[in-house]
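# Chains, contacts and geometry: an overview
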Amino acid sequence: LFETINGNMDCEVKFMSCQTYAPETLEHYDIAIIISTYQSQLLLSRHKKSANWEFQGGPIQEGESQIMAAKRILMEESGAVTFNLQPLCDFTKDDLQGICFMANIYDLGQLGECEMRERKSFEALPVDHLMYPEISDLLMKAKRAFDEQN
């Protein structure tokens, strides 16, 4: 269930709430999520302990800027070697505050020693096997709105 109020996209699903904001407007950030594309397709990662696919993402470590965290996470979880990053939006999900980046990946290396077991390109989000569907849908809606404006 999505609704636009005052330029912000809101959703409430199963007692979880999430909302997007203009990029770099929140006071602090807990996590960074990256919507990455490789060869014009979404590049998602699968955790070693899960059957579901997800965007690259994780906690921002102490002393790390948002962009530094996004670069680290993208390289660790996708194997990206050459890429560009651009802030898309800030978001809240329950008590977490985060920032979402878009990445165009030009070159991929091998996945290193990390929590992800594989990566795969998709034309669209795999609805039946998606980790965190509520926030993933909301962030993809923000990306589509950005793409339409640019």
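Just so you know, these numbers come straight off a predicted model, no measurement behind them. (Residues numbered from 1 in each chain as written. Predicted model: local features only at pLDDT ≥ 70, side-chain atom pairs only at ≥ 80, totals over all residues. Heavy atoms only, no water.)

## Describing the overall build of the chain
In terms of regular secondary structure, the chain is built from two helices and 10 strands. Within the chain, buried positions represent 47% of all 150 residues. For the chain, long-range pairs separated by at least 24 residues make up 67% of all intrachain contacts whose partners lie at least 6 apart in sequence. Summed over its atoms, the accessible surface of the chain is roughly 8,600 Å², and 48% of this surface lies on carbon and sulfur atoms. (Helix = DSSP H or I, 4+ residues; strand = E, 2+ residues; numbered from the N terminus. Buried < 20%, exposed > 50% of the residue type's maximum accessible area, 1.4 Å probe, protein only. Contact = heavy atoms within 4.5 Å. Areas by Shrake-Rupley, 256 points an atom, 1.4 Å probe, with all protein chains shown as cover.)

## Considerations on helix α1 (residues 66–78)
End to end, α1 covers 18 Å across 13 residues, agreeing with the expected 18 Å (1.5 Å per residue, within 8%). Among all positions of α1, only Ala69, Ala70, Arg72, Ile73, Leu74, Glu77 and Ser78 are buried. On its buried side, α1 packs onto β4 (31–38), β5 (41–47), β7 (56–59), β8 (80–93), β9 (96–108) and β10 (116–122). Phi turns positive one or two residues past the end of α1, at Gly79, with a value near 80 degrees. (Expected span 1.5 Å × (residues − 1).)

## As for the side chain of Glu64
Tracing the backbone shows Glu64 in the loop between β7 and α1. On the basis of relative accessible area, Glu64 is assigned to the buried category, the value being 16%. In terms of polar contacts, Glu64 uses its side chain to reach the side chain of Arg72, at 2.6 Å. In contact with Glu64, other than residues within four places in its own chain, are Pro59, Ala69 and Arg72. (Polar contact = N/O pair within 3.5 Å; in protein donor to acceptor, adjacent residues only side chain to side chain.)

## Examining the environment of Phe91
Note that Phe91 resides in strand β8. When the C-alpha atoms of Phe91 and Leu139 are compared, they prove to be 8.4 Å apart, with 48 residues separating the residues in sequence.

## Let's talk about the nonpolar core
With 21 residues, the main nonpolar core has Ile35, Phe55, Leu88, Phe91, Cys100, Leu125 and Leu139 as its most contacted residues. Counting residues per element, the ones that place at least two in this core are β4, β5, β8, β9 and α2 (133–149). With five residues, α2 is the largest single contributor of residues to this core. With sequence-adjacent residues up to four places away left out, Ile35 is seen in contact with Leu42, Phe55, Leu88, Cys100, Phe101, Met102, Ala103, Leu139, Met140 and Lys143. Core analysis: the next-biggest nonpolar cluster, separate from the first, contains 18 residues, Ala32, Ile60, Ala69 and Ala70 among them. (Core = buried A, V, L, I, M, F, W, Y, C linked by side-chain atoms within 4.5 Å.)

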